[in-house]
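Listed below are the residues making up each chain.
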Amino acid sequence: LEVGAEDPFLLINAAAAGHALGRNTEAASSLKKALKVGARDARFWTAAGYIEIAMGKFDEAVSCFGQSTGLAPRNAAGHVGLAIAYALVERTSEALGELETARTCSAAPSAIPVDIYEAAISEESDRALALAASALHANQLSIHDLRRDPGLGILMDAPKLEGILT
């Protein structure tokens, strides 16, 4: 996982790969370097937030997504990520507020429709699963989108989510 310290894209990817390989110490080091090099780019903070969620560091994820939305207030993906992170630290009303903000942003928030996140955050897992299944069936969403999102697996009933993916 040795990568050049000047390329934040490589460093973020090294952090994600390190985590996937169970090398969280190296992942954290790569993540820290990426954020230092790309500190003024909301994309890195958003990516870092998702890596922190995957590593179970929910408070750190809130901080990363907060940095992302601070740098790019119209960054819908940052607001969706912040909503997920807030939900994971049991700040539900703030999570739902971030989803509302994401809906007002000009760019699509993510591959996954905001309604699915809203249902999951509101602890309506069956409705979230039904929305996800419907989006998959209508080809509005791919199985890979759902599998890649670490937040949904935590917020929703993971075995049931996996059931609609197979």
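How each quantity is defined
Residues numbered from 1 in each chain as written. Predicted model: local features only at pLDDT ≥ 70, side-chain atom pairs only at ≥ 80, totals over all residues. Heavy atoms only, no water. Helix = DSSP H or I, 4+ residues; strand = E, 2+ residues; numbered from the N terminus. Rg over C-alpha atoms; globule rule 2.2 N^0.38 Å. Contact = heavy atoms within 4.5 Å. Lys, Arg positive; Asp, Glu negative; His and termini not counted. Charge placed at Lys NZ, Arg CZ, Asp CG, Glu CD. Buried < 20%, exposed > 50% of the residue type's maximum accessible area, 1.4 Å probe, protein only. Axes fitted to C-alpha atoms, helices over the stretch in contact; angles between N-to-C directions. Parallel < 35°, antiparallel > 145°, perpendicular 65-115°, else oblique. Left-handed = near helix turned anticlockwise from the far one by under 90°. Nonpolar A, V, L, I, M, F, W, Y, C, P; charged D, E, K, R; others polar.

Student: Describe the overall build of the protein, listing the residues and the values that go with them.
Tutor: When helices and strands are counted, the protein shows 11 helices and zero strands. Starting at the N terminus and ending at the C terminus, the protein contains elements arranged as α-α-α-α-α-α-α-α-α-α-α. The globule rule puts the C-alpha radius of gyration for 166 residues at 15 Å, and the 15 Å found for the protein is close to it. Of all intrachain contacts in the protein linking residues separated by at least 6 positions in sequence, the fraction that spans at least 24 positions is 51%. Each charge sign in the protein was given a centre, from 14 positive and 21 negative side chains, and these centres are 6 Å apart.

Student: Can you lay out helix α7 (residues 114-121) for me, pointing to particular residues and giving the numbers?
Tutor: Structurally, the α-helix is built with 3.6 residues per turn, so residues lying three or four positions apart point the same way. Most of α7 is tucked away: six of the eight residues are buried. Every buried residue of α7 is listed here: V114, I116, Y117, A119, A120 and I121. Taken together, the buried residues of α7 touch α5 (76-88), α6 (92-104), α8 (125-137) and α10 (150-155). Downstream of α7 by one or two residues, E123 has phi in the positive range, about 60 degrees.

Student: How would you summarise the packing of helix α4 (residues 58-71) against α5 if you had to cite specific residues and measurements?
Tutor: The packing of two helices is summarised by the inter-axis angle and the distance between the axes. Where α4 meets α5, the closest approach of the two axes is 8 Å, and the angle between their N-to-C directions is 155 degrees. The orientation of α4 relative to α5 falls into the category roughly antiparallel. Read as a crossing pair, α4 and α5 show a hand that is left-handed. Across the interface between the two elements, F58, A61, V62, F65, G66, S68 and T69 from α4 touch G78, H79, G81, L82, A85, Y86 and L88 from α5. Its residues assigned to classes, the contact of α4 with α5 comprises eight nonpolar, six polar and no charged.

Student: Run through the packing of α5 against α7, naming residues and quoting values.
Tutor: It is at 10 Å that the axes of α5 and α7 come closest, and there the two elements cross at 10 degrees. Judged by the angle between their axes, α5 and α7 are roughly parallel. Residues V80, A83, I84 and A87 of α5 form the contact with α7, whose own contacting residues are V114, Y117 and I121. Class assignment for the residues of the contact of α5 with α7 results in seven nonpolar, no polar and no charged.

Student: Quick rundown of unusual backbone geometry? Include the residues and the values.
Tutor: We note that E90 has phi near 60 degrees; this positive angle belongs to a residue other than glycine. With respect to the secondary-structure elements, E90 resides in the loop between α5 and α6. Although it is not a glycine, E123 adopts a positive phi angle of roughly 60 degrees. Among the secondary structure elements, E123 is positioned in the loop between α7 and α8. On the basis of relative accessible area, E123 is assigned to the exposed category, the value being 71%.

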